[in-house]
Amino acid sequence: MRPLAGHPHRVRLESIPSAVEQAKQAAAAITGAPAPKSEVAWFWSDQFDLQLKIAGLVRPTRPAIVRGDTDSGKFALFHLGADDHLAAVETSNAAALFMAGKKMIGNNSLVDAAMLADAAVDVRQCVRPQ
């Protein structure tokens, strides 16, 4: 179990990236060093010709915003919290969208849902000022 940004309690995540984060937290506690900033939770899996990556924790409270062509296998599903902050992104063969989404989650970014759904708009332009 480890601290996770955006969550009031410690969270148990079973993944390699989470194990690395737990080790960093434990090392800081043992040595008395300041706790490192909690990284955005992320997961990955290669399934045949699909590279699946997820950042954040999906909370199905609102419909996902689809970006890209699901039939091509290269797309992203963006999940917003109740306040339009990006909560999670699930990607298939879309590394750039994964990295952008992970960064937006880490920055607690507000996003414009309509712009995020439009693949013609650069994903970085979807962030709204706070």
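Anything mentioned here points back to the structure above.
All values derive from a computational prediction rather than experimental measurement. Position numbers for residues start from 1 in each chain and track the written sequence from start to end. In keeping with the model being predicted, local features are shown solely for residues with a pLDDT of at least 70 and side-chain atom pairs are shown and tallied solely at 80 or more, while totals for entire chains, interfaces and linings include all residues. Side-chain measures were taken over the full set of non-hydrogen atoms in the model, leaving aside hydrogen atoms and water.

## A word on the pattern of salt bridges
At step 1: The working definition used for a salt bridge is a side-chain nitrogen of Lys or Arg within 4 Å of a carboxyl oxygen of Asp or Glu. One pass over the structure, following the stated rule, counts five salt bridges.
At step 2: Across the salt bridge formed by Asp84 and Arg128, the nearest N and O atoms sit 3.4 Å from each other. Of this pair, Asp84 sits in the loop between strand 4 (74-80) and strand 5 (86-92) while Arg128 sits in strand 7 (residues 127-128), and the two are 44 residues apart along the sequence.
At step 3: For the exposure calls, accessible area comes from a 1.4 Å probe over protein chains only, and a residue counts as buried if that area is under 20% of its type's maximum, exposed if over 50%, partly exposed in between. A relative accessible area of 32% means that Arg128 is categorised as partly exposed.
At step 4: Sharing partners across several salt bridges, the network here consists of Arg62, Asp84 and Arg128. Here a strand is any run of E in DSSP of at least two residues, a helix any run of H or I of at least four, and the numbering for each starts at the N terminus.

## Looking at the pairing of strand 1 (residues 42-47)
At step 1: Across six bridges, the pairing between strand 1 and strand 2 (residues 50-56) is antiparallel. Among the inter-strand pairings, Trp42 is bridged to a residue of strand 2, identified as Ala55.
At step 2: Only when DSSP finds a minimum of two bridges between them are two strands counted as paired. Connecting strand 1 to the antiparallel partner strand 2 that follows it, the hairpin turn spans two residues, and Phe48 within it adopts a positive phi of roughly 55°.

## What to know about the pairing of strand 4
At step 1: Of all seven residues in strand 4, five are buried, a share of seventy percent or more.
At step 2: Of the pairings in the sheet, the one linking strand 3 (residues 65-69) to strand 4 comprises five bridges and is antiparallel in character. Its bridge partner lying in strand 4, Asp69 is registered against Lys74.
At step 3: When strand 4 meets strand 5, the two strands line up antiparallel, connected through six bridges. If you follow Phe78 over to strand 5, its bridge partner there is Val89.
At step 4: Taking the residues that link successive antiparallel strands as the turn, the strand 4-strand 5 hairpin has five residues, and the phi of Asp84 there is positive, at about 70°.

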